[in-house]
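Letter by letter, the chains look like this.
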Amino acid sequence: MSGQTSENFRAMAASRNDPAAIRKRVEWLEYILERSITIPGINRTMGLDVVLDLVPFGGTTIAAAMGSYLIWEARNLGMSKAQMARMAGNVGVDWALGMIPWVGAVPDFFFRSNSRNLKIIKRHLDKHHPSSVVIDG
């Protein structure tokens, strides 16, 4: 490994449980899955989660696996099992709705499990790790 690559790897490994780094990762993933595409005309956002729901069965499972990463990060933060169970329920409902071929994208457009899970994580971070709060200007 080159010097720069090994430094990046060490920094990434060191920030694995850093609350500020976790906040950035979960916010980025939620943005990609729920709000990365703006629909022209109605000015409403959607993300990769809805797009993957258009791929029958496999797409919904891939989106659920990506959403489950938020639960993994919640575990790294030391969140309670009750909070993680609620997050898993959100992902499960999203997955079940998405299993309906083609039509499953419609409820997923409105039931944003990853946004719900991000709110749960942010509440925990704000309460237990207030130094990780980022103020947007």
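Scroll up to find the structure this text is about.
A quick note: this is a predicted structure, and the numbers were derived from the prediction, not measured. (Residues numbered from 1 in each chain as written. Predicted model: local features only at pLDDT ≥ 70, side-chain atom pairs only at ≥ 80, totals over all residues. Heavy atoms only, no water.)

> Just give me the short version of the nonpolar core, but keep the residues and values in it.
One finds Val 26, Leu 70, Ala 74, Leu 77, Met 79, Met 87 and Ile 121 to be the most contacted residues of the largest nonpolar core, which totals 17 residues. Counting only elements with at least two residues in this core, the list comes to α2 (19-35), α4 (58-77), α5 (81-98) and α7 (113-128). In terms of residue count, α4 provides more of this core than any other element does, five residues in total. (Core = buried A, V, L, I, M, F, W, Y, C linked by side-chain atoms within 4.5 Å. Buried < 20%, exposed > 50% of the residue type's maximum accessible area, 1.4 Å probe, protein only. Helix = DSSP H or I, 4+ residues; strand = E, 2+ residues; numbered from the N terminus.)

> Give me the lowdown on the pattern of salt bridges, citing residues and values where you can.
Evaluation of the coordinates by the stated rule reveals five salt bridges. Notably, a salt bridge pairs Arg 23 with Asp 126, separated by 2.7 Å at the nearest N-O pair. Placement of Arg 23 in helix α2 and of Asp 126 in helix α7 is noted, with a sequence separation of 103 residues between them. Exposure remark for Asp 126: the relative accessible area of 40% places this residue in the partly exposed category. (Salt bridge = Lys/Arg side-chain N within 4 Å of Asp/Glu carboxyl O.)

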